[in-house]
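# Results of the structural survey
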Amino acid sequence: MKTYRCVIIEDEPLAMERTISFVKKIPFLELVGSFDHALNGLSYLNTHETDILFLDINMDELSGIELLESSTIKPEVIITTAYQEYALKGYELDVADYLLKPYTFQRFLKAVNKVIKKLEKESLAINYIFIKSENKLVKVFYDDVLYIEGMRDYRRIFLKEGSSIMTLQKFSDLEQLISPQIICRVHKSYMVSMSKIKDVEKNSIRIGKKTIPVSATYKSAFYSKLKK
């Protein structure tokens with residue numbers, strides 16, 4: 001499953017510690033930054049790609065509401081606060097969810113799942129990716145991809161018209177950029193386009209005339225996607 005990058009902006013040490021512990025319990029979340037000053041957090045958000053922001057409201061130098069009102073925040077925002085009266089204002093600012101302290105892990109997970117569902121839906125709506133190949137960026141439509149094969153330091157993207165593109169981008173990079181519902185990792189050396197699979201038999205996939213193995217590491221997740 002894709003990993004989502006999270007940032008926490010929270011000036012209460014105990015609340016910060018609690019949120020960090022909750023994030024670490026969820027395997028598809030990666031904590032990339034935690035800040036006890038809003039301006040430091042905002043500076044990070046302006047220069048780093050982030051998917052989810054856990055944002056406290058009642059902070060000294062700049063409140064969470066003021067931060068949202070004064071800045072263009074790209075990640076999905078989950079507000080964390082002890083003050084229920086800010087809920088309406090938060091939703092007016094299009095936050096994804098509102099967690100009232102002290103919240104349980106179950107409530108935290110519900111908010112995260114809500115955000116992930118929204119992010120996955122947005123990801124599916126985008127039908128192309130830019131691939132680094134030699135000294136240029138090449139636009140590749142998902143529908144054109146048959147499968148991707150690892151070849152030592154390179155990944156080779158095979159396209160339906162018979163051509164291919166070589167890239168140094170790692171499989172882990174591609175997994176971050178492409179929804180597994182579209183192009184799925186099935187082996188340490190292969191990703192496949194789910195829509196191009198002709199049949200699956202005895203842990204192998206056929207796409208056109210190509211037979212691709214499904215390894216034990218990726219088998220469970222792959223078959224789960226087939227059922228969906």
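See above for the structure.
For clarity, every value in this text was computed on a predicted model and none was experimentally measured.

## Let's talk about helix 5 (residues 105-125)
The end-to-end C-alpha separation of helix 5 is 30 Å, in line with the 30 Å expected for 21 residues at 1.5 Å each. All of the buried residues in helix 5 are Phe 105, Phe 108, Ala 111, Val 112, Val 115, Ile 116, Leu 119 and Ser 123. For helix 5, the angular spread of the buried residues around the axis is 135°, confining them to a single face. Exposed residues on helix 5 whose side chains face more than 90 degrees from its buried face are Gln 106, Lys 110, Lys 117, Lys 121 and Ala 125. The secondary structure elements touched by the buried residues of helix 5 are strand 1 (4-9), helix 1 (13-25), strand 2 (29-35), strand 3 (52-56), strand 4 (76-81) and strand 5 (97-100).

## Some remarks on the sheet that holds strand 14 (residues 204-207)
Working definition: the strands of a sheet are paired by backbone hydrogen bonds and lie parallel or antiparallel to each other. In space, the three strands of this open sheet follow the order 13-14-15, with antiparallel pairing throughout. Each edge of the open sheet is held by one strand with a lone partner, namely strand 13 (199-201) and strand 15 (210-213). The average angle at which neighbouring strand axes cross in this sheet is 25°, direction not considered. Examined bridge by bridge, strand 13 and strand 14 share three bridges and lie antiparallel to one another. Paired with Asp 199 across the two strands is Arg 206, which belongs to strand 14.

## With respect to the side chain of His 187
Residue position: His 187 is located in strand 11 (residues 183-187). For His 187, a relative accessible area of 16% puts it in the buried group. Those residues in contact with His 187 that lie beyond four places of it in its chain are Pro 213, Ser 215 and Tyr 218.

## Some details on the packing of aromatic side chains
On inspection of all chains with the given rule, the structure shows 11 aromatic pairs. Seen in terms of ring centroids, Phe 54 and Phe 108 are 5.0 Å apart; in terms of plane orientation they differ by 20°. Their pairing is stacked. Placement of the pair is Phe 54 in strand 3 and Phe 108 in helix 5, with a sequence separation of 54 residues. Taking the relative accessible area as the measure of exposure, Phe 108 reaches 0% and is therefore buried. Summarising the aromatic geometry, the rings of Tyr 128 and Phe 141 are spaced 6.1 Å apart at their centres and angled 70° between planes, so their arrangement reads as edge-to-face. Within this pair, whereas Tyr 128 is found in strand 6 (residues 128-133), its partner Phe 141 is found in strand 7 (residues 136-141), the two being separated by 13 residues in sequence.

## With respect to the sheet that holds strand 5
In spatial order, the strands read 2-1-3-4-5; together these five strands make up an open sheet with parallel pairing. Each edge of the sheet is formed by a strand with only one pairing partner; in this case those strands are strand 2 and strand 5. Neighbour-to-neighbour, the strand axes of the sheet open up by a mean angle of 20°, direction not taken into account. In this sheet, strand 5 lies alongside strand 4 in parallel orientation, the contact comprising four bridges. Within the sheet, the bridge partner assigned to Thr 80 lies in strand 5 and is Leu 99. Running over the sheet, helix 2 (residues 38-45) touches strand 1, strand 2 and strand 3 and is turned about 160° from strand 1.

## A few points about the nonpolar core
With 23 residues, the main nonpolar core has Leu 29, Ile 52, Phe 54, Phe 108 and Val 112 as its most contacted residues. For this core, the element with the most residues is helix 5, which contributes seven residues. If we skip the residues at most four places from it in the chain, Leu 29 touches Thr 3, Tyr 4, Cys 6, Val 23, Ile 52 and Val 112. Residues Val 7, Ile 9, Ile 57 and Ile 79 belong to the second largest nonpolar core, which totals 19 residues.

## Digging into the layout of surface pockets
Quantified by volume, the largest pocket comes out at close to 780 Å³. Considering the residues around the largest pocket, the lining is formed by 26 residues, among which Lys 2, Arg 5, Glu 49, Thr 50 and Asp 51 are closest to the centre. Going through the elements one at a time, strand 1, helix 5, strand 6 and helix 6 (171-177) are the ones with two or more residues in the lining of the largest pocket. Of the residues contributing to the lining of the largest pocket, the split by class is 11 nonpolar, seven polar and eight charged.

Cut-offs applied
- Position labels on residues start from 1 in each chain and follow its written sequence.
- It should be noted that, the model being predicted, local features are given only for residues of pLDDT at least 70 and side-chain atom pairs only at 80 or more, the latter also being counted only at that level, while totals for whole chains, interfaces and linings use all residues.
- Side-chain calculation: all heavy atoms of the structure are included, whereas hydrogens and water are not.
- Each helix is a run of DSSP H or I of at least 4 residues and each strand a run of E of at least 2, with the numbering of both proceeding from the N terminus.
- Helices are assigned an expected span. That span is 1.5 Å times one less than the residue count.
- With a 1.4 Å probe rolled over the protein chains alone, any residue whose accessible area is under 20% of its type maximum counts as buried; one over 50% counts as exposed, and the rest are partly exposed.
- The arc in question is the one spanned by the directions pointing from the helix axis to the C-beta atoms.
- When checking whether two residues touch, look at their non-hydrogen atoms; a contact exists if any pair is within 4.5 Å.
- The pairing criterion for strands is at least two bridges between them, as found by DSSP.
- The angle between two axes is taken between their N-to-C directions and runs from 0 to 180 degrees, where each axis is a line fitted to C-alpha atoms and a helix contributes only its stretch in contact.
- Two rings from Phe, Tyr or Trp (for Trp, the six-membered ring) form a pair when their centres sit within 6.5 Å of each other. Planes less than 30 degrees apart are called stacked, planes more than 60 degrees apart edge-to-face, and all others tilted.
- The definition of a nonpolar core used throughout is a set of buried Ala, Val, Leu, Ile, Met, Phe, Trp, Tyr and Cys residues joined through side-chain atoms within 4.5 Å.
- A 1.4 Å probe that fits but cannot get out identifies a cavity on a 1 Å grid over protein atoms alone, an open set with protein on both sides within 12 Å along at least five of seven lines counts as a pocket, and a residue lines either if it has an atom within 4 Å of a point.
- Grid points are joined across faces, edges and corners, and a volume is the space filled by probe spheres set on the points.
- In this classification, the charged set is Asp, Glu, Lys and Arg, the nonpolar set is Ala, Val, Leu, Ile, Met, Phe, Trp, Tyr, Cys and Pro, and all remaining amino acids, among them Gly, are polar.

Just geometry here; none of it tells us what the structure is for.
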